[in-house]
Amino acid sequence: MIVTQAPFTAVPPAVTVPVTVSDATGIANGSITVAYDPQFLKATGATATSLTNGFTVTPNTAIAGQTTIAFSQATPIPSGSGELFKLEFTVYPNLAVGSSTPLTFQSALIQGFSQVQLTPGTLNIIGTTGDLNNDGVVDVG
């Protein structure tokens, strides 16, 4: 199984980052911990996707610089691949448009899988055309 966070482009201040899996067959529960730079981002949550619809997804965002997502369901996923869940972040204003920051996996424990290959990702920040002060709003400011 390969769990990835591909390069991802977002417009601040709130962003959603997908965590994908190459083969979700048999996944019923586990936890994944992702590290990020707390000077630029703040984890605010995580949500299930169509692949994990019906799962309980519980994010722990109490530690700055990391978020752990526990997920479970009584019935394993019969087959499929794609987005396992989506991480939610707030981007601080000091992360300038055009910059990027890494998102790396610290651990992944998925029941029934002895080996999980983890591929880190990057969050690339883009601006909104006409947003001169990078607050995510096009206005006279």
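Keep in mind the model is a prediction, meaning the values are calculated, not measured.

In terms of helices and strands, the protein carries zero helices and eleven strands. Going from the N terminus to the C terminus, the protein shows its helices and strands as β-β-β-β-β-β-β-β-β-β-β. With an accessible surface of roughly 7,100 Å², the protein has 53% of that area assigned to carbon and sulfur atoms.

Relative to the elements of secondary structure, S100 occurs in strand β9 (residues 100–110). S100 gets classed as partly exposed once you look at its relative accessible area, which sits at 43%. Along the chain, S100 and F40 lie 60 residues apart, while their C-alpha atoms are 9.6 Å from each other.

For the rest of this paragraph, the subject is the side chain of T49. The topology assignment puts T49 in the loop between β5 (41–48) and β6 (56–60). If sequence neighbours within four positions are ignored, T49 has contacts with E83, L84, F85 and K86.

Take G112: it is sitting in the loop between β9 and β10 (117–119). What makes G112 exposed here is its relative accessible area of 75%. Sequence separation between G112 and G26 is 86 residues; the distance between their C-alpha atoms is 7.5 Å.

Going through the model one piece at a time under the given rule, you end up with two aromatic pairs. Centroid distance Y36 to F89: 5.3 Å. Interplanar angle 75 degrees. Geometry classified as edge-to-face. Here F89 lies in strand β8 (residues 82–91) and Y36 lies in strand β4 (residues 29–36), a separation of 53 residues in the sequence. Accessibility classification places Y36 together with F89 in one group, the buried group.

This brings us to the pairing of β8. In terms of strand pairing, strand β3 (residues 14–21) meets β8 through eight bridges, oriented antiparallel. Paired with T20 across the bridge in β8 is E83. Strand direction decides the pairing type here: β5 and β8, joined by seven bridges, are antiparallel. Within the sheet, the bridge partner assigned to A43 lies in β8 and is F89.

This brings us to the nonpolar core. By size, the foremost hydrophobic cluster in this structure holds 29 residues, and its most contacted members are F71, L87 and F89. Of all the secondary-structure elements, those providing two or more residues to this core are β3, β4, β5, β7 (66–72), β8, β9 and β11 (121–125). Looking at this core element by element, the count peaks at five residues for β8. When neighbours within four sequence positions are excluded, F71 is seen to be in contact with I27, A28, N29, G30, S31, I32, F55, T56, V57, L84, F85 and I110.

Basis of the calculations
Residues numbered from 1 in each chain as written. Predicted model: local features only at pLDDT ≥ 70, side-chain atom pairs only at ≥ 80, totals over all residues. Heavy atoms only, no water. Helix = DSSP H or I, 4+ residues; strand = E, 2+ residues; numbered from the N terminus. Areas by Shrake-Rupley, 256 points an atom, 1.4 Å probe, with all protein chains shown as cover. Buried < 20%, exposed > 50% of the residue type's maximum accessible area, 1.4 Å probe, protein only. Contact = heavy atoms within 4.5 Å. Phe/Tyr/Trp six-rings, centres within 6.5 Å; stacked < 30°, edge-to-face > 60°. Pairing = 2+ DSSP bridges. Core = buried A, V, L, I, M, F, W, Y, C linked by side-chain atoms within 4.5 Å.

Shape is all these values report; function is a separate question.
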